[in-house]
Amino acid sequence: AEGLGCPRSEAVKGGESDGVFASQKFEKGWMFWREDKGGIVYVFYDDGRWELFPDRYQQGQDDSIGCDPPNGSEKPVCGFAMVWRDNLGGCREAVAAIGWGEEEEGNIGAVVQEFERGIVLMLDPEGSSELYLLRFPPGSDATSGTWTR
């Protein structure tokens, strides 16, 4: 991938049934979870920005978000709920930033490869193979940047 630099690690791969990756589509973006690296959540906004947050959710922990979604929408659960509530601002700010879920969270097959200045993410490698390039500024902490498909 042009401009991303050299690979920083081996590619991480997982099938839909492995439970290594999960995603959820929202009205104004989507979230992607990786089990490796201690569990992390990427938030992709429709305007081309992305942010990374640690997944602080522990099994059995309260993942309530403090409000109910409108009919036909899905609320985030588990780690996505905690990021939506705690990092994106909860009911008012999160709805403005990314919206309500358009589908339930679910496991997904993916391949992730980290580079010096970005990340390559391939969703559904056995099917439609959607490819995403995540870029971050050189020397940054690699927790936010821009993305293209």
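Everything here concerns the structure above.
Residues numbered from 1 in each chain as written. Predicted model: local features only at pLDDT ≥ 70, side-chain atom pairs only at ≥ 80, totals over all residues. Heavy atoms only, no water.

Asks: Help me understand the nonpolar core in this model?
Replies: Residues Phe 32, Tyr 42, Phe 44, Leu 121 and Leu 134 are the most contacted members of the largest nonpolar core, which totals 20 residues. Sequence-distant contacts of Leu 121, that is, excluding residues within four places in its chain, are made with Trp 30, Phe 32, Phe 44, Ala 110, Val 111, Val 112, Glu 130, Leu 131, Tyr 132 and Leu 134. Core analysis: the next-biggest nonpolar cluster, separate from the first, contains 17 residues, Val 41, Val 43, Phe 53 and Val 83 among them. (Core = buried A, V, L, I, M, F, W, Y, C linked by side-chain atoms within 4.5 Å. Buried < 20%, exposed > 50% of the residue type's maximum accessible area, 1.4 Å probe, protein only. Contact = heavy atoms within 4.5 Å.)

Asks: Quick question: what am I supposed to make of the side chain of Asp 63 here?
Replies: Within the secondary structure layout, Asp 63 lies in the loop between β5 (49-54) and α1 (78-87). In this structure the side chain of Asp 63 is engaged in a polar contact, spanning 2.6 Å, whose partner is the backbone nitrogen of Cys 78. Discounting chain neighbours no more than four positions away, the residues touching Asp 63 are Tyr 57, Val 77, Cys 78, Ala 81 and Arg 85. (Helix = DSSP H or I, 4+ residues; strand = E, 2+ residues; numbered from the N terminus. Polar contact = N/O pair within 3.5 Å; in protein donor to acceptor, adjacent residues only side chain to side chain.)

Asks: Sorry, what's going on with the state of the cysteines here?
Replies: Working definition of a disulfide: a covalent bond connecting the sulfur atoms of two cysteines. Evaluated as defined, the whole model comprises 1 disulfide. Each sulfur in the disulfide pair Cys 67 and Cys 91 lies 2.0 Å from the other. On the S-S bond that ties Cys 67 to Cys 91, the torsion sits near -105 degrees, and the link is left-handed. Taken together, the residues span a long stretch of sequence, with Cys 67 in the loop between β5 and α1 and Cys 91 in helix α2 (residues 90-97) at a distance of 24 residues. The exposure class assigned to Cys 67 is partly exposed, which follows from its relative accessible area of 22%. Residue Cys 91 is classed as partly exposed on the basis of its relative accessible area, which comes to 27%. The thiol sulfur of Cys 78 is not disulfide-bonded, and the nearest other cysteine sulfur, from Cys 67, lies at 16 Å. Given the relative accessible area of 25%, Cys 78 is considered partly exposed. (Disulfide = S-S within 2.5 Å.)

Asks: Any chance you could explain the pairing of β5 here in plain terms?
Replies: The two faces of a sheet get side chains in turn, since along a regular strand they alternate between them. Pairing geometry for strand β4 (residues 40-45) and β5, over 5 bridges, is antiparallel. Bridge pairing in β5 links Ile 40 to Pro 54. Here β4 folds back onto β5, and the loop between the two strands holds 3 residues, one of which, Gly 48, carries a positive phi near 95 degrees. Where β5 meets strand β10 (residues 144-148), 3 bridges bridge the pair, whose relative direction is antiparallel. Counterpart to Arg 49 in the pairing with β10 is Thr 146. (Pairing = 2+ DSSP bridges.)

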